[in-house]
Amino acid sequence: MDTLYMKRALELAKYGIGYTNPNPLVGAVIVKNNRIIGEGYHRRYGEPHAEINAFLNATEDVVGATMYVTLEPCSHFGKTPPCANAIVQKGIKKVVIAMKDPNPLVSGDGIQILKNHGIEVVTDVLEEEAKKLNEVFIKYITTKKPFCILKTAMTLDGKIATFTGDSKWISNESSRKYVHKLRHAVSGIMVGIGTIISDDPLLTTRLEDIKGLNPTRIIVDTHGKIPLNSKVLKTCKNVQTIIATTELADTKKLKSIEKMGAEILITPIKEGKVDLSSLMTALGEKKIDSILLEGGSTLNYSALNEGIVDKVISFIAPKIIGGHTAKTPVGGEGRMYMKDAILLKNIKVSYFKNDIMIEAYLRKTNYKKSIVKKKKF
């Protein structure tokens, strides 16, 4: 029965997708006499946690009940009081936990508080499912850097556009709807200046069933080439926008961009471009815990080469367009030998009508750290 109730708690946690960042997704279920008497989930960052909402929704006295929660109850004062203390005060007899808190500063403390007050604790029930659900939180809380998802869409012959640059649409409508759900789920969406100049995208979330949240738009623009009449700059007073650039950009133009409402972030230069690793550190400091990278082939290769990508989601459409000059999802100078190929693991294949979606994770390598400088204009 533990597995059954924990599955319900995990389903509840998913309702918080897009709203809790940079907090985790958490669901809680209270069971008494083999009946669910209370349910809750973490609805939004800064609001009560799942355990508290489950207590508020309880239909009868919770004394002596069992609580199922997808993440170890918090033990510290943040925007809300510790949930572990609330569980003790409410008289819960047993707590079943899917995964321990990955935060090295607090991990295990919540469990210890419960045990110290005589509460039976069971851990690691559907642990892998819980970790999958909170992969963003785990990466961010342990490294302070965003979890980065590289999203691409290509034809069966590996092209992201025709030789003329036409790319609308490679993937079908079902695939594109799923991408907007991804945008809603993350804190930031990142593209390169080439994408802005060629496509002039809005980079917002458009969903039919819910009002999706717009992620912070991050434009990687080494030389400050972004057109002042681009859609992202015209709308940056309504949607948070960051222009990640370098000292190679014109200071006067950057001042104009700031006046339009965008934030300028000056990063170190690495091989003539924005230092992406430093950029990730700076974005993490801004509580951007996740990024959907929808860049062109140049930025995609740089991101992979710098080791900032955690996950790849690639849509493959059953179309063939050919063209030896037509661009592929990943450009750059490429690898010289197959033995140096960037490797993926944990492959999952899904279908969106005729489109194939491949989801996989990168085998990580250690990379050097550098520091972002902030500049006044």
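These numbers come from a predicted model, not from an experiment.

### Structural notes on the sheet that holds strand E3 (residues 66-71)
Sheets are built from strands paired through backbone hydrogen bonds, the pairs being either parallel or antiparallel. Strand order in the open sheet formed by five strands is E2-E1-E3-E4-E5, with mixed pairing between adjacent strands. The open sheet is flanked by strand E2 (35-41) and strand E5 (120-122), the only strands paired with a single partner. Across the sheet, the mean angle from the axis of one strand to that of its neighbour is 20°, orientation sign disregarded. By the bridge criterion, six bridges tie strand E1 (residues 27-32) to E2 in an arrangement that is antiparallel. The partner of Ala28 across the bridge, within E2, is Gly40. Along the sheet, helix H1 (residues 2-13) makes contact with E1, E2, E3 and strand E4 (94-99), crossing E1 at roughly 145°.

### Comments concerning the sheet that holds strand E7 (residues 188-192)
Sheet architecture is open: nine strands sit in the order E10-E9-E8-E7-E13-E6-E14-E16-E15, paired in mixed fashion. Lying at the two open borders of the sheet, with one neighbouring strand each, are strand E10 (263-266) and strand E15 (344-352). Sheet twist, expressed as the mean angle between neighbouring strand axes with direction ignored, is 20°. In terms of strand pairing, strand E9 (residues 241-245) meets E10 through four bridges, oriented parallel. Paired with Ile243 across the two strands is Ile264, which belongs to E10. The strands that helix H10 (residues 251-259) touches are E9 and E10; relative to E10, the one it contacts most, it runs at about 140°.

### Structural notes on the pattern of salt bridges
Tallied over the entire structure, the rule returns 14 salt bridges. A salt bridge links Lys311 to Glu359; the nearest nitrogen and oxygen atoms lie 2.9 Å apart. Residue Lys311 is located in strand E14 (residues 311-317), and its partner Glu359 is located in strand E16 (residues 355-362); the two are separated by 48 residues in the primary sequence. Note on Glu359: relative accessible area 6%, which makes it buried. Salt bridges sharing partners connect three or more residues here, namely Lys132, Glu135, Lys311 and Glu359.

### Overview of the UniProt feature "binding site: substrate" (unreviewed entry) in the chain
Using the residue numbers shown here, the UniProt feature "binding site: substrate" (unreviewed entry) corresponds to Ser167, Arg183, Leu203, Arg206 and Glu294. Among the secondary structure elements, Ser167 is positioned in the loop between strand E6 (147-155) and helix H7 (173-185). Residues within four places of Ser167 in sequence aside, it is in contact with Ile160, Ala161 and Asp199. Relative to the assigned elements, Arg183 resides in helix H7.

### Concerning unusual backbone geometry
Omega for the bond connecting Asn21 with Pro22 falls within 30 degrees of zero, at 5°, which places this linkage in the cis form. The residue Pro22 is located in the loop between H1 and E1 in this model. The step from Lys168 to Trp169 runs through a cis peptide bond, and the omega angle for that step is -10°. Here Trp169 shows up in the loop between E6 and H7. If you check the backbone angles, Asn346 has positive phi at about 50° while not being a glycine. Examined against the element boundaries, Asn346 turns out to sit in strand E15. Residue Asn346 is classed as exposed on the basis of its relative accessible area of 55%.

About the thresholds
- Residues numbered from 1 in each chain as written.
- Predicted model: local features only at pLDDT ≥ 70, side-chain atom pairs only at ≥ 80, totals over all residues.
- Heavy atoms only, no water.
- Pairing = 2+ DSSP bridges.
- Helix = DSSP H or I, 4+ residues; strand = E, 2+ residues; numbered from the N terminus.
- Axes fitted to C-alpha atoms, helices over the stretch in contact; angles between N-to-C directions.
- Contact = heavy atoms within 4.5 Å.
- Salt bridge = Lys/Arg side-chain N within 4 Å of Asp/Glu carboxyl O.
- Buried < 20%, exposed > 50% of the residue type's maximum accessible area, 1.4 Å probe, protein only.
- UniProt positions renumbered as here; feature names shortened; annotations may be inferred.

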